[in-house]
Every structure is written in C-alpha cells, then in structure tokens.
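Residue-level structure breakdown
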Amino acid sequence: MQVIILPTPNDVAQYAANSVMDVVTENANSILGLATGSTPIALYDELVSRCRAGLLSFKNTKTFNLDEYIGISDCHEQSYRAFMNRHLFNLVDINPANTHVPLADSLDPEVLARNAEAYESGIERSGGIDLQILGIGVNGHIGFNEPTSSFASRTRIKTLSKSTVEANKRFFAEGEFQPHLAITMGIGTILESRAILLMATGKGKAQAVKDMIEGPLTSMCPASVLQQHKKSIVILDEDAASLL
Ligand code: GLP
C-alpha cells in the first residue's frame, strides 16, 4: 500500500485525475471502477474539464460503479445511477451503454441476488477492472462493505450500518425515505482490480484512515484489506492524514 499525503482536497482530486487519465490514455478500452460520495466529486469535475478541453476521451471506456441503494428508483436524485449521470456520465463523451451501476430497483431478494450475480459476470466478461476508485466511510467501509464484511465477499445485498445511514442522512430531505439496504461489489470483487486508488479528505476521515493504514488487517475496518493489495494507493489531504 502506497500512501501519498497532499496539502489540499483539490491536490487529491488532481492526483486522482492524473491517475485516471494515465489509465485511459494508455488503453482506450480501459475498465474503470467508480465510486460515489462527496469525496470523488472534485475528481469527476476535473475529469469533465479535461474532457471538455479535449485532453481526455472516454469514448471506449467502460465503467462499473461500486454500489447502489435498494428501495429507490434509479431516477431518484439520490440514487447512485443519478449521481453518476449528474457528475460524470452526462457531461463526458462516454457511451451510456458502457456505464454500469448495480441494478437495485426491486424489493424482491431473488431478483436482487440475480442482479448482483449478473453484475459480477459483467465485470468478469469485460476483462476485469484496471483502476478502481474508492472513498472510505467514517467506519472504514469501502463501497457498502460495512465492518464485519468478509474479505472474500462478492457483489451482494448489504444492510447499511447505523453510522452509515447517519452519515448519508444529509443527502435526503427530512422525512424522506432513506434506504437501509444496498447492492455492493464485495471486498473480494474490489481486490481483483488491477490497481486501486482510495481518496480521503477531511478530519472526519482521520480515524478511519489511521485504522486502514496503521491498524491490523481486520474486517472491523474493511479498508484495511488494501494493505494486502499489490497496487493500492491511498491519497490523503493533510486533514485526513492528521492522525497518522
Ligand atoms: C458511501 C459510499 C462509499 C463512499 C462513502 C463515503 O457510503 N457507498 O463508496 O466512500 O459514502 O462518502 P463521502 O465521500 O461522502 O464521505
């Protein structure tokens, strides 16, 4: 695991954008794994600017997102499909058919399990992920792999922890239904990516970052598994690195 500490969140976004650009430029048919949350928004803004400036093209790129909420439609503003359309896919030259977000618009567990399986096969058929972008939850989760998730887990339904529901409350209007379930790539799925880049910014992530980097390898901090990946890079701003 390589750890890079940069002064500001903007530096983190620039670094991540350079990494994405390297992968996409080296292989026009590259497969990107993408994340949602507030942290990667600055990265997506930067990729959009570079694409508009003609420095970058996603014409032949395929993407697979980490996760999606169960219980809201993919047209809902807070669905991760809508998030990705809004922050990246609708603003760059990517073919919408090449963008994948887990399908979670059913409440039938059998349908959801089939969707999760199909998602895994889709990643496999595409040849696997070249670069996976990750954020980190305040409890150390990656994707929606909450503490105690198996390191061997595959794409599946997960119940969100209380702290995750609490942390993501800010995106939902008061009184509005907020999902407590999601489909997420598993930790085993994420680890198969050829390279992983985790971004963390802000003091609120400092403890999770410390546990991920300096703590033991434990399912209580799912992100600690990145210590074992041969090409994982953690990019932090000074606040997120403040407890190291
Ligand atoms: C959600 C997503 C994660 C993301 C986390 C942190 O739970 N499933 O992929 O890393 O939020 O988000 P933020 O960057 O907003 O702190």
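What counts and how
Residues numbered from 1 in each chain as written. Predicted model: local features only at pLDDT ≥ 70, side-chain atom pairs only at ≥ 80, totals over all residues. Helix = DSSP H or I, 4+ residues; strand = E, 2+ residues; numbered from the N terminus. Rg over C-alpha atoms; globule rule 2.2 N^0.38 Å. Pairing = 2+ DSSP bridges. Contact = placed C-beta atoms within 7 Å. Axes fitted to C-alpha atoms, helices over the stretch in contact; angles between N-to-C directions. Core = buried A, V, L, I, M, F, W, Y, C linked by C-beta atoms within 7 Å. Buried ≥ 20, exposed ≤ 12 C-beta atoms within 10 Å, placed from the backbone. UniProt positions renumbered as here; feature names shortened; annotations may be inferred. Near = placed C-beta within 6 Å. Nonpolar A, V, L, I, M, F, W, Y, C, P; charged D, E, K, R; others polar.

Describing the overall build of the protein
Check the secondary structure of the protein and you find 7 helices and 10 strands. Rg of the C-alpha trace for the protein: 17 Å, near the compact-globule value of 18 Å for 244 residues, within the 12% margin. In terms of its C-alpha atoms, the protein occupies a principal-axis envelope of roughly 45 × 40 × 35 Å.

Details of the sheet that holds strand β5 (residues 99–100)
Whenever strands of a sheet pair, they do so through backbone hydrogen bonds, lying parallel or antiparallel. What the 7 strands build is an open sheet, ordered β1-β10-β9-β6-β2-β3-β5; its pairing is parallel. Sheet topology places β1 (2–6) and β5 at the edges, where each strand pairs with a single neighbour. With 4 bridges connecting them, strand β6 (residues 131–134) and strand β9 (residues 195–200) associate as parallel partners. Bridge pairing in β9 links Q132 to I196. Running at roughly 155° to strand β10 (residues 232–237), helix α1 (residues 9–26) makes contact with β1, β2 (31–34), β6, β9 and β10 of the sheet.

Looking at the nonpolar core
Counting 65 residues, the largest nonpolar core has A16, I136, L198, V209 and A223 as its most contacted members. Considering every element that reaches this core, the biggest residue donor is α1, with 6 residues. Those residues in contact with V209 that lie beyond four places of it in its chain are I136, A200, L236, A240 and A241.

Topic: the UniProt feature "site: Part of the allosteric site" (unreviewed entry) in the protein
Those places that UniProt annotates as "site: Part of the allosteric site" (unreviewed entry) correspond, in this numbering, to S149, R156, K158 and T159. Of the residues examined, S149 has 22 C-beta atoms within 10 Å and is grouped as buried. If sequence neighbours within four positions are ignored, S149 has contacts with I187, S219 and P222. The topology assignment puts T159 in strand β7 (residues 156–159). Setting aside residues no more than four positions away along its own chain, T159 makes contact with H180 and L181.

A closer look at the site of the ligand
Residues in close proximity to the ligand total 14 residues, the closest being A35, G37, S38, T39 and G135. Across the shell around the ligand, the residue classes tally to 4 nonpolar, 9 polar and 1 charged.

Topic: unusual backbone geometry
Within the chain, T148 stands out as a residue other than glycine whose phi angle is a positive 85°. As for its placement among the helices and strands, T148 is situated in the loop between β6 and β7. Its 10 C-beta neighbours within 10 Å are what place T148 among the exposed residues.

Focus: the environment of G71
Along the chain, the position of G71 falls in the loop between β4 (67–70) and α3 (80–87). When near neighbours in sequence (up to four residues on either side) are disregarded, G71 contacts L107, F177, P179 and L181.

Some details on the UniProt feature "active site" (unreviewed entry) in the protein
Summarizing the sequence annotation, UniProt attributes the feature "active site" (unreviewed entry) to D67, N139, H141 and E146 in the numbering used throughout. Among the structural elements, D67 can be located in strand β4. Given 23 C-beta atoms within 10 Å, D67 falls into the buried group. When neighbours within four sequence positions are excluded, D67 is seen to be in contact with Y80, P102, G143, F144, A182, I183, T184 and M185.

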